[in-house]
Amino acid sequence: MKGILLVNLGSPKSTKVEDVKTYLDEFLMDEKVIDYRWFFRSLLVQGIILNTRPKKSAEAYKTVWTEEGSPLIVYTEKVQKKLQKLVDVPVEIGMRYAEPSIENGLKKLVEQGVTEIVLFPLYPQYAMSTTETVIDKAEEVRKKHFPEIKINYIQPFYKREIYINCLAESIREKLPENFDALQFSYHGVPERHIYKTDPTNTCNLNDCCSRSENPSHQFCYRHQCFKVTEEVIKKLNLPKEKVLVTFQSRLGKDKWMEPYTDATLEILPKKGIKNLAIVCPAFVSDCLETLEEISVEGKEIFEHAGGETFNYIPCLNDEDRWIEVVKTLCEEKLEEFYLV
């Protein structure tokens, strides 16, 4: 019997400081997120960050929390319920961090008699701190608790036309009539992560991203972000000079991919860009990083610098067109079980 597991990032159990601290501990102690050796990672996370950040993060979560709970988990549950109505196999969800966990999701499927699972990391682009850590965790859980099951992983879908069409149409419907620029703000990663995931060891964070073909592109988060932007603006028929790409959510003092979203928002009005639309295509579900960091903090930065209108374009969330994309990608992987 076959089944589907949708996997997203995760969220604290509540906005209580202790729950946020527990979540951040699991998240930031992942060696694929902060890739220091354990001793130094522990000093940074448990010695510094967890003594300062949880209270501030808890306040931020309070600004986006809904009556149903964490937006990211609520939207993932809505996707699961809508998808379940369209497919004839069980569909469950799991989060890379906190609950409901990947182990819990796999357990629910196994209890229903499922032995072949399509696992869908809900990240359009590949990164060691997203897709890679999800697969690593799922394999760890499978080997330890469910060695009899088989898992097919859906790979990053950043350049699939069905996804690009879906994203472009979603943006088109929400774009204001008059805007000076459309900003694509992607979640950032440290530059060293790009080098670490490059199997060719030739990446220089510059010209290799723009080459038409390069073996490193399969694992290059930076290239994949620019590729999504390029394909979407083609669909939207927008001039390149009206579009910009930036990277948000940096942590610590290490060099992260540039240009930074917050710094860019501060200088745009000085360049005559007063009416801005902004979208976050590294995410398929709205969450703290989109609802608070961009649509609240980002808006404040932009308006304080002299911007006039700031239009945040929501993620795909549980739009029906996105559910159809999820269905198609899952069915392709389910079909592979029949071909083995």
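Above this text is the structure in question.
In this report, the structure presented in the accompanying data block is examined. What you are looking at is a predicted structure, and each value in this text was computed from that prediction instead of being measured.

Listed in full, the buried residues belonging to helix H4 (residues 102-111) are Ile 102, Gly 105, Leu 106 and Leu 109. Buried residues of H4, viewed axially, fall in a sector of 95°; they line one side. Those residues of H4 that are buried are in contact with strand S1 (2-10), strand S2 (91-97), strand S3 (116-121), helix H5 (128-145) and strand S4 (150-153). Looking one or two residues past H4, Gly 113 carries a phi angle of roughly 90°, positive in sign.

Interhelical geometry of helix H1 (residues 17-28) versus helix H2 (residues 38-64) gives an angle of 135° and a closest axis separation of 8 Å. When the axis of H1 is compared with that of H2, the two are oblique. Crossing geometry of H1 relative to H2 is assigned as right-handed. Contact residues: H1 offers Val 17, Val 20, Lys 21, Tyr 23, Leu 24, Asp 25 and Leu 28, while H2 offers Arg 41, Val 45, Gln 46, Ile 49, Leu 50, Arg 53, Pro 54, Lys 55, Ser 57, Ala 58 and Tyr 61.

Helix length check: helix H9 (residues 221-236) (16 residues) gives 23 Å between terminal C-alpha atoms against 22 Å at 1.5 Å per residue, within 8%. Taken as a whole, H9 has its buried residues at Tyr 221, Arg 222, His 223, Gln 224, Cys 225, Val 228, Thr 229, Glu 231, Val 232, Ile 233 and Leu 236. Looking at the residues trailing H9, positive phi occurs at Asn 237, about 55°.

Locating Lys 242 in the fold gives a position in the loop between H9 and strand S6 (243-248). Classification of Lys 242 as partly exposed rests on a relative accessible area of 26%. Each C-alpha atom of the pair Lys 242 and Phe 179 lies 9.0 Å from the other, and the pair is 63 residues apart in sequence. Excluding residues within four positions of it along the chain, Lys 242 makes contact with Phe 179, Asp 180, Ala 181 and Leu 182.

Let us look at the pattern of salt bridges. One pass over the structure, following the stated rule, counts 27 salt bridges. A salt bridge links Asp 35 to Arg 192, with the nearest nitrogen and oxygen atoms 2.8 Å apart. Separated by 157 residues along the polypeptide, Asp 35 in the loop between H1 and H2 and Arg 192 in helix H7 (residues 191-196) bring together distant segments of the chain. With relative accessibility at 25%, the residue Arg 192 sits in the partly exposed group. We note a salt bridge from Glu 191 to Lys 255, for which the minimum N-O separation is 3.5 Å. Remark: Lys 255 occurs in the loop between S6 and helix H10 (261-267) and Glu 191 occurs in helix H7; sequence separation between them is 64 residues.

Across the sheet, 4 strands lie side by side as S2-S1-S3-S4; this open sheet has parallel pairing. The open sheet has two edge strands with one neighbour each: S2 and S4. Taking the axes of each pair of neighbouring strands and ignoring which way they run, one obtains an average angle of 30° across the sheet. Relative to S3, S1 runs parallel, the two being bridged by 6 bridges. Bridging across to S3, Gly 3 finds its partner in Ile 117.

Below, the discussion takes up the sheet that holds strand S7 (residues 275-279). Strand-to-strand pairing in sheets goes through backbone hydrogen bonds, with the strands running parallel or antiparallel. One open sheet holds the 4 strands; their spatial order is S6-S5-S7-S8, and the pairing between them is parallel. A single partner strand is all that each edge strand has here, and the edge strands are S6 and strand S8 (309-313). Taken over all neighbouring pairs, the strand axes of this sheet differ in orientation by 25° on average, direction set aside. In terms of strand pairing, strand S5 (residues 181-187) meets S6 through 6 bridges, oriented parallel. Of the residues in S6, the one forming a bridge with Ser 185 is Thr 246. Across the face of the sheet, H9 comes into contact with S5 and S6 while running at roughly 150° to S5. Along the sheet, helix H12 (residues 293-304) makes contact with S5, S6, S7 and S8, crossing S8 at roughly 165°.

Calculation criteria
Residues numbered from 1 in each chain as written. Predicted model: local features only at pLDDT ≥ 70, side-chain atom pairs only at ≥ 80, totals over all residues. Heavy atoms only, no water. Buried < 20%, exposed > 50% of the residue type's maximum accessible area, 1.4 Å probe, protein only. Helix = DSSP H or I, 4+ residues; strand = E, 2+ residues; numbered from the N terminus. Arc of directions from axis to C-beta. Contact = heavy atoms within 4.5 Å. Axes fitted to C-alpha atoms, helices over the stretch in contact; angles between N-to-C directions. Parallel < 35°, antiparallel > 145°, perpendicular 65-115°, else oblique. Left-handed = near helix turned anticlockwise from the far one by under 90°. Expected span 1.5 Å × (residues − 1). Salt bridge = Lys/Arg side-chain N within 4 Å of Asp/Glu carboxyl O. Pairing = 2+ DSSP bridges.

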